[in-house]
Amino acid sequence: MPKLRDERVAWLAVQDRLRQRSRRPGPLGWLLTIATLGAWAVLRSQGRGAARMAAYSLAVDHVTGYLGDDERETLRTHGTVPPWFLFEVERARWAARDRQRLPAGRETRLERRRRILLRVVLTGTVAAALVLAPTVWVRAASLGLIGPAATAPDAGVAIVFGAQVAPGGQEPMPFLKGRLDVAAQLLTSGKVKALLISGDAQGGSGDEVRVMRDYLAGKGVDPARMVVDPHGLDTYDTCRRAHDVYGVTKALLVSQELHLHRAVALCRRLGVDAYGVPALCEGCQRVTIWYNTVRDVAAGPKAAWEALRHRQAAVVSPPDPSLRQAMR
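Given the structure is predicted, the values throughout are model-derived calculations rather than measurements. (Residues numbered from 1 in each chain as written. Predicted model: local features only at pLDDT ≥ 70, side-chain atom pairs only at ≥ 80, totals over all residues. Heavy atoms only, no water.)

> Help me understand the packing of helix α9 (residues 257-269) against helix α11 (residues 300-309) in this model?
When two helices pack together, their arrangement is captured by the angle between the axes and the distance separating the axes. Between α9 and α11, the shortest axis-to-axis distance is 10 Å and the interhelical angle comes to 5 degrees. For the element pair α9 / α11, the angle class is roughly parallel. From α9, R262, L266 and R269 reach across to α11, where they touch A303, A307 and L308. (Axes fitted to C-alpha atoms, helices over the stretch in contact; angles between N-to-C directions. Helix = DSSP H or I, 4+ residues; strand = E, 2+ residues; numbered from the N terminus. Parallel < 35°, antiparallel > 145°, perpendicular 65-115°, else oblique. Contact = heavy atoms within 4.5 Å.)

> Looking at this structure, how should I read unusual backbone geometry?
One non-glycine residue with positive phi stands out, namely R99, at about 60 degrees. Within the element layout of this structure, R99 appears in the loop between α4 (85-97) and α5 (109-141). Positive phi, close to 55 degrees, is recorded for H310, a residue that is not glycine. Relative to the assigned elements, H310 resides in the loop between α11 and α12 (322-327).

> Where do I start with helix α8 (residues 235-244) in this structure?
Count 3.6 residues to each turn of an α-helix, and residues three or four apart come out pointing the same way. For α8, the tally of buried residues reaches eight of 10 residues, placing the bulk of the element in the interior. Within α8 the residues assigned to the buried category are T235, Y236, D237, T238, C239, R240, R241 and A242. Close packing links the buried residues of α8 with β1 (157-161), β2 (194-198), β3 (226-229), α9 and α11. (Buried < 20%, exposed > 50% of the residue type's maximum accessible area, 1.4 Å probe, protein only.)

Below is the structure:
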């Protein structure tokens, strides 16, 4: 009898067990599995429900002792309890669940005020943390990285963030006009060699990038020095596409200072060595500035979440060499 190789002997030793593992459950098997899990979930829920009802029973017995004579008479006559009854039942149940002493009586007015005040304080604290913690991160990440054009470091490109255009879709609003004027200044002074114009080509107010390009061309900017990204739908997408699509690793960012902190933080998070150059907003009303400041603070949690997720841009495009060519 020929001698078997070790590999063959090992196969003969485990093939039955492997055959069992390889058998996939058919439709009936899956139905049985689902039915078993469903039955387990129902029974588990019923068990919890029974335990909860037992706790409620004890709580109702305890809270019934709070009833006054008139309330007891109403209970016997009409089968109804006072409006406060169920709240006190819940309070007693939670105390029993936490193995605390059951309340000796109904919640007093002072206790109610303290409870409401505590909830307000806790809610306010959580809301403030959700808003302020991302703002602190944004400010810390952009600390010392925003300054006027004269002191800005040289970079190959300036990224100009889009904004609303004026009614009619042909002229920039003051916010956007201020950004474009600074971008043209950076190009003229030699701080940058090209401009990446990023915005939403299908924005609610119109084609942002077309208006931006036409305005800069009207100021004498060479079209060969401008590259348009029509899919910069928001600040994160602008930074992400600048790095991933156009190969930007160092840039000056042009926007108003109230927005630059968030823009610098996001771009640096996404691999762009960014420095912010603030733009003015000549003719802007004070209410406009305040509105956009509050809006930008409110956008902090979204920015922090996107930076944490490191999501893809809404529109993913292949690498585009046009910006490198414009910088030559």
